[in-house]
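Report on the structure
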Amino acid sequence: MDKSAHRDAAAKRRVAAHTGNGADAAQHACRAVAHHLEGAFGSKLSRVVLAGYMPMRSEISPLPLMMAHPGPVCVPVIVARDTPLEFHRWTTDAAMQPGRFGAEIPLLAEKIVPQVLIVPLLAFDQRGYRLGYGGGFYDRTLAQLRARGEVLAIGLAYGAQAQPAVPIEPTDEPLDLIATEAGLLHVQGRGVA
């Protein structure tokens, strides 16, 4: 299935949303995620490992959420094509370096396994499916983590990135929640903490 036309259109919508209300939307979306995590994990939140990402291009920024999280934080690292992601510990003062495809990664490679993943995307639908960049990294990663136990996957997006249906393949993993500036979309049928 060729998703390139869908990706091009979704990327244009995301750029327009980012240009229009980027930082403000990110703050609202991150606040919604933080509120949900506090409700779901309560006093255990300081032990929950949160995976964010270093925003590139017009991706909505999870940095406010990452900086405010009371527990360990990590970011994804692409090790090789067609493999799941690794996650390396991140702090606000971590020395960073360019990783594959341009995303910043920690210079010190301390691997940790996340329990909550904040996931970037180009588009999403009400079923919880996301349109990514085409590498399949998050799909392989979510499949691997879900096979090991419970993990919560939250897409971070502008509301303008919603579309009626994202084209999917059998290997596509749905998200559990999607956070936008308007709040949280709970995906029906997903086991959300």
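Data block above holds the structure.
A brief structural summary. (Residues numbered from 1 in each chain as written. Predicted model: local features only at pLDDT ≥ 70, side-chain atom pairs only at ≥ 80, totals over all residues. Heavy atoms only, no water.)

1. Quick look at the side chain of Asp139
For Asp139, the position within the fold is in helix H3 (residues 137-148). Nearest to the buried, unbridged Asp139 among oppositely charged side chains is Arg130, at 4.8 Å. If near-sequence neighbours (up to four positions away) are discounted, Asp139 is found in contact with Thr171, Asp172 and Glu173. (Helix = DSSP H or I, 4+ residues; strand = E, 2+ residues; numbered from the N terminus. Buried < 20%, exposed > 50% of the residue type's maximum accessible area, 1.4 Å probe, protein only. Lys, Arg positive; Asp, Glu negative; His and termini not counted. Salt bridge = Lys/Arg side-chain N within 4 Å of Asp/Glu carboxyl O. Contact = heavy atoms within 4.5 Å.)

2. Here's the deal with the environment of Ala32
Relative to the elements of secondary structure, Ala32 occurs in helix H1 (residues 4-41). By relative accessible area, which is 16% here, Ala32 ends up buried. For the pair Ala32 and Gln161, spaced 129 residues apart in sequence, the C-alpha separation works out to 17 Å. For Ala32, the residues in contact, after removing those within four places along its chain, are Gly183 and Leu184.

3. Details of the environment of Leu177
Residue position: Leu177 is located in strand S10 (residues 177-180). According to the relative accessible area criterion, Leu177 is buried, its value standing at 0%. When the C-alpha atoms of Leu177 and His36 are compared, they prove to be 9.9 Å apart, with 141 residues separating the residues in sequence.

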